[in-house]
Amino acid sequence: MDALSSPIKPAPLASPRTACADHARLSSVSYPKQSRIPRRIQVRAEAAKQASIDFSDPDWKSEYQSDFETRFRIPHITDVIPDAASYPSTFCLKMRSPISSEGHPSDEAWHGYINNDDRVLLKVIRFSSPTSAGAECIDPNCSWIEQWVHRAGPREKIYFKPEEVKAAIVTCGGLCPGLNDVIRQIVITLEIYGVKQIVGIPFGYRGFSDTNLAEMPLSRKVVQNIHLSGGSLLGVSRGGPTVTDIVESMEERGINMLFVLGGNGTHAGANAIHEECRKRGLKIAVVGVPKTIDNDILLMDKTFGFDTAVEEAQRAINSAYIEAHSAYRGVGIVKLMGRSSGFIAMQASLASGQIDICLIPEVKFNLHGPHGILNHLKYLLERKGSAVVCVAEGAGQDLLQKTNATDASGNIVLGDIGVHIQQEIKKFFKEMGHPADVKYIDPTYMIRACRANASDGILCTVLGQNAVHGAFGGYSGITVGICNTHYAYFPIPEVIAQAKVLDPNSRMWHRCLTSTGQPDFI
Ligand SMILES: Nc1ncnc2c1ncn2[C@@H]1O[C@H](COP(=O)(O)OP(=O)(O)O)[C@@H](O)[C@H]1O
Ligand SMILES: O=P(O)(O)OC[C@H]1O[C@](O)(COP(=O)(O)O)[C@@H](O)[C@@H]1O
Ligand SMILES: [Mg+2]
């Protein structure tokens, strides 16, 4: 079989269509960038092209691995300042006096540090065939190749004297549950190292240039209870000054550690700041913590706030279900966030068990026609009297008029697919002579503004602490993430090469289809 052919997926339940029609869905799924080639395969092909791999070369595996090692090497301050001094860490799990800038006063051999050579395995499934569900292969035989990334955590040697550090924290982009938890942990951990000067930059990158916005002094006392509410203590914004202006502002303020909390855009900015600092020979550590409710950052298990968003979405879905179920011919629609990735919609649908149709940006669908959503809703109303639809905001954008509008950060402003679907459903059933009672719920900002749940609280805590350990370890241009339940540092460009999108051939999407029982809408 062709190494790149699509795996076969299980037929969904309770569909008015045949398994054959369902199978056809896989070959008719549409992917971003107007391509008919599944994205997973495009990525694989791109990777192969970039690395110019000749699979007939007996050494191709070791060459791939060494290329991977180079790509995932995390930049260090000594790359540009080779004689940068290192000091014994002031962070020690066994220390008795909490703050000392002269290293921990201990004669014990074990301090719980991470060795710089420790690694975390990035891929943990050994696919035996490219046709295995969700297979991610590098060569046509889907050979097993170890891919290791750097383990996060405190290092024995640090590259900043705590009393010489001025650390700044900035939160950019949209809100996300857990921002305050991360800010809090960064501040607490910096204080444990012995840092006295910690400031918050107000309202994202804008705070570096807007002279009306003063730095916010931060301490354990200030941040003690901030995790009890959602939002960001520091405020957020989109757009803002140029990278040159930001770095100049950092120099003027004497900032030598910058913690940047944000998504793809923010991280692109953070990496540019890191590069500019290198160009100027500045001893500055720039460390990111990925923040995106959409969960669209590559290589990590999940980003903080995502679990909370999924949990909070349950309330909206349940309300939509109750409304639809209690009405005569009721249809509930819930719109959730997800600009280009349908992770929240998929997970929320899976968790609720109350969704009949889940629509995501990665899978094209029709509203009208024999296989369209409206016909399926007609079937559902006839069969069980009500139906609930969960739609990601970026889904079905091809059905809406394009405006070409962008926000201050350059992100495309999406059309409202939720409202469109609501109107089309109403019209369809009215014209048929059997109106449906359609209830539309848009809980998007409510979900984003709430405080982090317990599991996100823990994730934020670990990420915040590790961000500080990375900066003190002398790394810059890195970000921190959870990878197969372990914590790792990644060079920023590797995690923002493109938005992570849901693989329609993945087991999880198949599980979602099995759960909703929805057919192909093409
Ligand atoms: N390619 C880029 N280079 C530098 N800065 C960027 C880039 N893209 C976005 N930014 C900046 O990052 C910040 C947040 O970006 P945005 O896309 O709104 O949110 P997010 O980081 O959550 O994706 C904004 O201040 C924006 O100006
Ligand atoms: O209305 P806003 O603030 O621009 O935010 C809307 C966007 O924010 C998000 O929740 C997350 O986007 P970011 O990761 O860029 O912050 C998207 O799902 C949504 O499209
Ligand atoms: Mg973004």
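Residues numbered from 1 in each chain as written. Chains lettered and ligands numbered in written order. Predicted model: local features only at pLDDT ≥ 70, side-chain atom pairs only at ≥ 80, totals over all residues. Heavy atoms only, no water.

Quick look at the overall build of the protein chain now. Helix and strand content of the protein chain: 15 helices and 15 strands. For the protein chain, the residues scored as buried account for 54% of the 522 residues in total. In the protein chain, once contacts between residues fewer than 6 apart in sequence are set aside, the share between residues at least 24 apart is 77%. Carbon and sulfur atoms make up 52% of the accessible area of the protein chain, which totals about 22,400 Å². (Helix = DSSP H or I, 4+ residues; strand = E, 2+ residues; numbered from the N terminus. Buried < 20%, exposed > 50% of the residue type's maximum accessible area, 1.4 Å probe, protein only. Contact = heavy atoms within 4.5 Å. Areas by Shrake-Rupley, 256 points an atom, 1.4 Å probe, with all protein chains shown as cover.)

Once that is clear, we can look at the site of ligand 1. Near ligand 1 lie 15 residues; those nearest to it are Arg238, Gly239, Gly263, Thr266 and Ser409. One of the backbone N or O atoms of Gly239 is found 2.5 Å from an oxygen atom in ligand 1. Contacts to ligand 1 include Ser409, whose side-chain N or O atom sits 2.6 Å from an oxygen atom. A total of 550 Å² of accessible area belongs to ligand 1 in isolation, and the protein chains cover 75% of it. A per-element tally of the shell around ligand 1 places helix H7 (residues 264–279) first, with five residues. (Near = heavy atom within 4 Å. Polar contact = N/O pair within 3.5 Å; in protein donor to acceptor, adjacent residues only side chain to side chain.)

On to the packing of helix H4 (residues 179–193) against helix H13 (residues 454–472). For the pair H4 and H13, the least separation of the axes is 8 Å and the interaxial angle reads 40 degrees. Comparing the axis directions of H4 and H13 gives the class oblique. With respect to the hand of their crossing, H4 and H13 are arranged in right-handed fashion. Judged by residue contacts, Asp181, Val182, Gln185, Ile186, Thr189, Leu190 and Tyr193 of H4 engage Gly457, Cys460, Thr461, Gly464, Gln465, Val468, His469 and Phe472 from H13. (Axes fitted to C-alpha atoms, helices over the stretch in contact; angles between N-to-C directions. Parallel < 35°, antiparallel > 145°, perpendicular 65-115°, else oblique. Left-handed = near helix turned anticlockwise from the far one by under 90°.)

This next bit is on the nonpolar core. Within the largest apolar cluster, 75 residues are counted, with the highest numbers of intra-cluster contacts made by Leu190, Met257, Phe259 and Phe472. Among residues more than four places away in sequence, those in contact with Met257 are Phe160, Val165, Lys166, Ala167, Ala168, Leu190, Ala285, Ala471 and Phe472. By size, the runner-up hydrophobic cluster in this structure holds 37 residues, among which are Val120, Val149, Ile273 and Val286. (Core = buried A, V, L, I, M, F, W, Y, C linked by side-chain atoms within 4.5 Å.)

In the predicted model, the protein chain carries a mean pLDDT of 89, and 87% of its residues have values of at least 70. ipTM for the predicted complex: 0.97, alongside a pTM of 0.90. (pLDDT = per-residue confidence, 0-100.)

Right, let's talk about the site of ligand 2 for a bit. The local shell around ligand 2 holds 13 residues, among which Asp294, Met337, Glu393, Tyr445 and Arg448 are the closest. Glu393 places a polar side-chain atom, nitrogen or oxygen, 2.7 Å from an oxygen atom of ligand 2. Arg448 places a side-chain nitrogen or oxygen 2.8 Å from an oxygen atom of ligand 2. Surface burial for ligand 2 is 80%, taken as the share of its 480 Å² of free accessible area covered by protein chains.

Looking now at the state of the cysteines. Applying the stated rule across the entire model yields one disulfide. Note on cysteine connectivity: Cys137 is disulfide-linked to Cys142, with sulfurs 2.1 Å apart. Negative torsions about the S-S bond denote left-handed disulfides, and the value of about -75 degrees found for Cys137 with Cys142 makes this one left-handed. Overall, the relative accessible area of 6% leaves Cys142 in the buried class. Here Cys512 is not cross-linked by a disulfide; its sulfur's nearest cysteine counterpart is in Cys358, at 4.2 Å. Since its relative accessible area comes to 0%, Cys512 is described here as buried. (Disulfide = S-S within 2.5 Å.)

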